[in-house]
Amino acid sequence: MKLYKIIFIAVFSLPMMLLAQEQKDNIPAVKEVEYERAAFESTSLIESQTNRVYSKGTIEMVMNHRFGLVNGTNDMIGIWAPANIRIAVNYSITDRITVGFGTTKDNRLQDFSLKTALLRQTVNGKMPVSVTYYGNMSISALPKENFYNTSDRWSFFNQLIIAKRITKAISLQIAPSYSHYNTVQAPMSNDLFAIEFGGRAKVTSDMSILLDVNQPITSQEIAPKSGFSIGTEFSTVGHTFQIFVSNYRGIVNQQSNMLNQNEFFEGDFAIGFNISRTW
C-alpha cells in the first residue's frame, strides 16, 4: 500500500514539475549592460580631473610636481627654482565612489576630495557619454597670524565632468566648475565659474598626447588667466606618468582657477609631472 502511495504522488507531481521548468525556461534572459572602457588612463588630465573612477577597493597614490617658471635666468629651466609638490592618496569605496586626501607644499593646503561616477558610457551607445562629479574642500595649515578666523582658511571646488571615448585612440571631455574661497583680497570675488576642455590622443599602446585648457568665465576686476597645459602620458599596468608644460603654479583646482596670473603664450610656463600608482 505504501508503494502505491509513492507512485500516486509521483505521477501527479511530475506534470507540475515539468510545467514549472517550462515556465522557467521561457523567462527571457536579462542582458547585462556593457560599459565602455574609461575614456582616460589616469584620474588626472595634467591639471584637471578626468572621469576615471577605479574599481572597489583600489588604492591610488598620486604625486604632483611643478618646477619654477622657465624665465631664462640661471635656474636650469626652472628645475633649480622653488617647486610646488602635492602628495595624495585616494580610495575607491565602491565601483562608483572614490574619496581622497592630499597635502600641498604651497600655502600648506590639506584637501579632502570626493569623486562619483553618475553615468557611464555604454558600448551600445544608449548612454553616449560618462558624467562624473568631482569636488574637494581645502584648508590652509599656514600659521594663525595669516587669518582672522578659522573659516578664512577654507576653499571649495565643484566640477561636473562630461567625457566620451570616441575611438580607441581619441577621448574628449568638457567640465564646468565652480570655485569658492571664504576670504579673498579685494577687489577679487569669492566665487568663480570656469569651463575646462581636455583631450587625449593615443600614439602607441602605452603613450598618449594630452591637452588641458581651463577658461574662467566669471567677470572679475582682477581676472585670472586661462590655464593651458600640453604634455605626454606613459602608462603601464598600475602606473601612469605624465610630463608636461603648464602655466599653472597651483595644483589644487580652486587655487589654479582663481589665482593664476601666468600667461602661457607670453612665456609664463613651467615643466611639471604627475605620477600615479594603483594597488
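Criteria and thresholds
- Residues numbered from 1 in each chain as written.
- Predicted model: local features only at pLDDT ≥ 70, side-chain atom pairs only at ≥ 80, totals over all residues.
- Heavy atoms only, no water.
- Helix = DSSP H or I, 4+ residues; strand = E, 2+ residues; numbered from the N terminus.
- Buried < 20%, exposed > 50% of the residue type's maximum accessible area, 1.4 Å probe, protein only.
- Contact = heavy atoms within 4.5 Å.
- Areas by Shrake-Rupley, 256 points an atom, 1.4 Å probe, with all protein chains shown as cover.
- Core = buried A, V, L, I, M, F, W, Y, C linked by side-chain atoms within 4.5 Å.
- Pairing = 2+ DSSP bridges.
- Salt bridge = Lys/Arg side-chain N within 4 Å of Asp/Glu carboxyl O.

A.B. asks: What should I look at first to understand the overall build of the chain in this one?
C.D. replies: Secondary structure assignment for the chain yields 2 helices and 14 strands. Each of the 279 residues in the chain was classed as buried or not, and the buried ones make up 42%. Within the chain, contacts between residues at least 6 apart in sequence are counted, and of these 55% link residues at least 24 apart. Here the chain displays about 15,700 Å² of accessible surface, and carbon together with sulfur accounts for 65% of that area.

A.B. asks: Please explain the nonpolar core as it appears in this structure.
C.D. replies: In a soluble, globular protein the nonpolar side chains are often hidden away together inside. Formed by Ala 39, Phe 40, Leu 45, Ile 46, Ala 163, Leu 210 and Phe 244, the largest nonpolar core amounts to 7 residues. For Leu 45, the contacting residues outside a window of four places in its chain are Phe 40, Thr 50, Gln 173, Glu 196, Gly 198, Gly 199, Leu 210, Leu 211, Asp 212 and Gln 242.

A.B. asks: Could you clarify how one ought to interpret the pairing of strand β10 (residues 191-204) in this entry?
C.D. replies: Put simply, side chains in a regular strand alternate between the two faces of the sheet. For strand β9 (residues 170-181) and β10, the ladder comprises 11 bridges, and the chain directions are antiparallel. In the sheet register, Ser 179 faces β10, and the bridge partner there is Leu 192. Examined bridge by bridge, β10 and strand β11 (residues 207-216) share 10 bridges and lie antiparallel to one another. Residue pairing across strands places Glu 196 opposite Asn 214, the latter belonging to β11. Two successive antiparallel strands, β10 and β11, enclose a turn made up of 2 residues.

A.B. asks: Quick question: what am I supposed to make of the side chain of Asn 84 here?
C.D. replies: Among the secondary structure elements, Asn 84 is positioned in strand β4 (residues 84-92). Contact partners of Asn 84, with chain neighbours within four places excluded, come to Asn 64, His 65, Arg 66, Thr 104, Lys 105, Asp 106, Arg 249, Gly 250 and Ile 251.

A.B. asks: Can you walk me through the pattern of salt bridges in this structure?
C.D. replies: Close approach of charged atoms allows side chains with opposite charge to pair. Enumeration over the complete set of coordinates arrives at 7 salt bridges. Arg 249 is paired through a salt bridge with Asp 106; the nearest N and O atoms lie 3.0 Å apart. Of this pair, Arg 249 sits in the loop between β13 (239-246) and α2 (253-259) while Asp 106 sits in the loop between β5 (97-104) and β6 (109-119), and the two are 143 residues apart along the sequence. Residues participating in the shared-partner salt-bridge network are Glu 41, Arg 200 and Lys 202.

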